[in-house]
Structures are given as structure tokens and as C-alpha cells.
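Here is how the chains run, residue by residue.
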Amino acid sequence: MKNIIQKITSTILASTLALMVFGFMAPTAQAAHYSQFSSAQKDQIIDLLREVIVFQAMNTSDADAMSDAANLRVQLNKQLQSHVSLSLAALRNLHDENDQVDASLAELDENTDDLGASVGSVFGDDAQEAFEDLWRDHIGFFADETIGLRENDDEMVEEAREDLEGYAEDIAAVFVSLMPSLDEETLMAGANEHRSLVSGSMEEYADEEYADAYQLQYEGEMQVKGLADALTAGITNRFPNQF
């Protein structure tokens, strides 16, 4: 526990010193980089606090069960947050048609494999395959939307957004079939909010409003952590003897 607290203290100190350095930067540089820097620092603190939760869980009378649930929650949080950051990095590269497109898409696909493995470890191979197919579909819809933004093709953008709305219904239905304690309308609303934040970030990027784009990315990273928490609750309710 002492080491974890020391990590948190060091992170906060590093954030403070970095903000002091920002004070000597040009305003344009501050605007371009502050949102991304701020989210990274905050996320470090959040992840370290989650370590405290895991540590506390492991030192209770129900240590094994609580530790498994806490570790699952941390794992899903990290994987879903990475999904947002990797998705937007790949979409920005796709928008700019630069030489990083293939590499960033490959990294994003690895994240999909990781998420699928998390689902499969609990619900089995069929559920993993169904999840991965839907997940890759929605990434493709975001790619279509990004190409539409790049080409100023309003029809393509609108079609992609309609596809994403359909995906929200499909993924919510899949999750509820696996975890009946979850509310389908709430999951659908969360998926649509995810779409809105990712789409909004790319719109701002396409308009060269980079600070706003990164701010929406940060909000998207925070928003999917709520989904991770909901999924953890659904899994532990479905399998109380395992978690």
C-alpha cells in the first residue's frame, strides 16, 4: 500500500511540475497539447487508485472473490479506454492518409482481440466470436464516417452514423443476452454516447480544432469506463460463485 501511495504522490508532483513548464510555452502550443497531457496525467492517477481498490479487496475476508472482480474491472477499464485512444489515433491517420494507417489499425485490432479474449474467458468461444464480429463492424463504421468527413461526403457520413445506431442496438442486445441483470436501454444509450464522442472528436479534428478534438477523446475515454463497470457488475451477478 505504501508503494502505491508513493506512486500517486509522484504522479501528482510530476503533473504539477509539467504544468509549471506549460506556463513558459507559447499559447498555441498550450492549446494544442494541454488536453492530451491532462488526460494522461489524470488517467495515471485513476489507474493507481484502482490499484488501491485491488489491494484493499485482496485484504478482506472474501479476498479471492473480491480480487477477481476488482481485477476484471481494472482489465476491462484499461482495454476499453485503450479502444478509444487507439481508435481515434487510427481514425486521425486514416483522415490524413499518412503512412501510419496500417500500423495503427493493426494495433487497434490487437485491442479487439484482447477485449474478445476477456469476453471469451467468461462466456465461451461463441460469445467471443459474436462480440468480436460486432466490435469490428462498429470500428469499420467509424472508418466510413471518417472517410466521409475527409471527402466532404455528407451522404457517406450519414449512412455510417445510421449503421452505428444499429450497432448500438445490436451490442446492447448481445450484452443483455449474456448478462440479463443489465438494462438494455441503458446499454444502448451508452453505446450511442460513445458514438457521439468519437464522432464529435473526428469532426473537430477535420475542422482543425485540435484542442477540442483531444478534449472529446478524453471524455470518450472516461465514458467507456462506465461501460466497463457495468459489464463487471453484470458478470459478477451472472456468476457470483466465480467473482
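This is a predicted model, so every value here is computed, not measured. (Residues numbered from 1 in each chain as written. Predicted model: local features only at pLDDT ≥ 70, side-chain atom pairs only at ≥ 80, totals over all residues. Heavy atoms only, no water.)

Colleague: So what exactly am I meant to see when it comes to the packing of helix α5 (residues 125–151) against helix α7 (residues 184–206) here?
Modeller: Helix-helix packing: each pair is described by the crossing angle between the helix axes and the interaxial distance. At their nearest, the axes of α5 and α7 sit 10 Å apart, and the two run at 25° to each other. With respect to their mutual orientation, α5 and α7 come out roughly parallel. Where α5 crosses over α7, the two elements pack in a sense that is right-handed. Contacts between α5 and α7 involve His-138, Phe-142, Glu-145, Thr-146 and Leu-149 on the former and, on the latter, His-194, Arg-195, Val-198, Ser-199, Met-202, Glu-203 and Ala-206. Here the contact of α5 with α7 is built from residues that sort into five nonpolar, four polar and three charged. (Axes fitted to C-alpha atoms, helices over the stretch in contact; angles between N-to-C directions. Helix = DSSP H or I, 4+ residues; strand = E, 2+ residues; numbered from the N terminus. Parallel < 35°, antiparallel > 145°, perpendicular 65-115°, else oblique. Left-handed = near helix turned anticlockwise from the far one by under 90°. Contact = heavy atoms within 4.5 Å. Nonpolar A, V, L, I, M, F, W, Y, C, P; charged D, E, K, R; others polar.)

Colleague: What am I meant to see in the side chain of Gln-217 here?
Modeller: Along the polypeptide, Gln-217 turns up in helix α8 (residues 210–238). The exposure class assigned to Gln-217 is buried, which follows from its relative accessible area of 8%. When residues no more than four places from it in sequence are discounted, the contact partners of Gln-217 are Val-84, Ser-85, Leu-88, Arg-92 and Ser-201. (Buried < 20%, exposed > 50% of the residue type's maximum accessible area, 1.4 Å probe, protein only.)

Colleague: I tried to follow the packing of helix α4 (residues 101–123) against α5 on my own but got confused; where do I start?
Modeller: Look at α4 against α5: their axes get within 8 Å of each other, and the N-to-C directions meet at 150°. Between α4 and α5, the angle falls in the class roughly antiparallel. Every pair of crossing elements has a handedness; the one defined by α4 and α5 is right-handed. Residue-level inspection shows Leu-108, Asp-109, Thr-112, Asp-113, Leu-115, Gly-116, Ala-117, Val-119, Gly-120 and Phe-123 of α4 in contact with α5, the latter providing Ala-127, Gln-128, Phe-131, Glu-132, Trp-135, Arg-136 and Ile-139. A class-by-class count of the residues in the contact of α4 with α5 yields nine nonpolar, four polar and four charged.

Colleague: Please explain the nonpolar core as it appears in this structure.
Modeller: Phe-123, Met-179 and Ile-235 are the most contacted members of the largest nonpolar core, which has 50 residues in total. Counting only elements with at least two residues in this core, the list comes to α3 (63–96), α4, α5, α6 (154–178), α7 and α8. (Core = buried A, V, L, I, M, F, W, Y, C linked by side-chain atoms within 4.5 Å.)

Colleague: Help me understand α4 in this model?
Modeller: Helical periodicity: at 3.6 residues per turn, an α-helix aligns residues three or four positions apart in one direction. The end-to-end C-alpha separation of α4 is 33 Å, in line with the 33 Å expected for 23 residues at 1.5 Å each. Among the residues of α4, Val-101, Ser-104, Leu-108, Asn-111, Thr-112, Leu-115, Gly-116, Ser-118, Val-119, Gly-120, Val-122 and Phe-123 are the ones counted as buried. Where α4 ends, the next residue or the one after it, Gly-124, has phi of about 100°, a positive value. (Expected span 1.5 Å × (residues − 1).)

Colleague: Mind showing me how you'd approach the environment of Ser-104 here?
Modeller: Position of Ser-104 relative to the elements: it lies in helix α4. A relative accessible area of 10% places Ser-104 in the buried class. If we ignore the near neighbours within four places in the chain, the residues touching Ser-104 are Ala-90 and Asn-93.

Colleague: I'm lost on the environment of Asp-68 in this one. Help?
Modeller: Take Asp-68: it is sitting in helix α3. Owing to a relative accessible area of 37%, Asp-68 belongs among the partly exposed residues under this scheme. Taking the C-alpha atoms as reference points, Asp-68 and Gln-242, 174 residues apart in sequence, are found 8.0 Å from one another. Not counting chain neighbours up to four residues away, the residues in contact with Asp-68 comprise Gln-242 and Phe-243.

Colleague: Is there a simple way to explain the pattern of salt bridges in this structure?
Modeller: If charged atoms from side chains of opposite charge come close, those side chains can pair. On inspection of all chains with the given rule, the structure shows eight salt bridges. Close ionic contact of Asp-113 with Arg-136 constitutes a salt bridge, the shortest N to O distance being 2.6 Å. Of this pair, Asp-113 sits in helix α4 while Arg-136 sits in helix α5, placing them 23 residues apart in sequence. Given a relative accessible area of 35%, Asp-113 falls into the partly exposed group. The residue Arg-161 makes a salt bridge to Glu-145 at a minimum N-O spacing of 2.5 Å. (Salt bridge = Lys/Arg side-chain N within 4 Å of Asp/Glu carboxyl O.)

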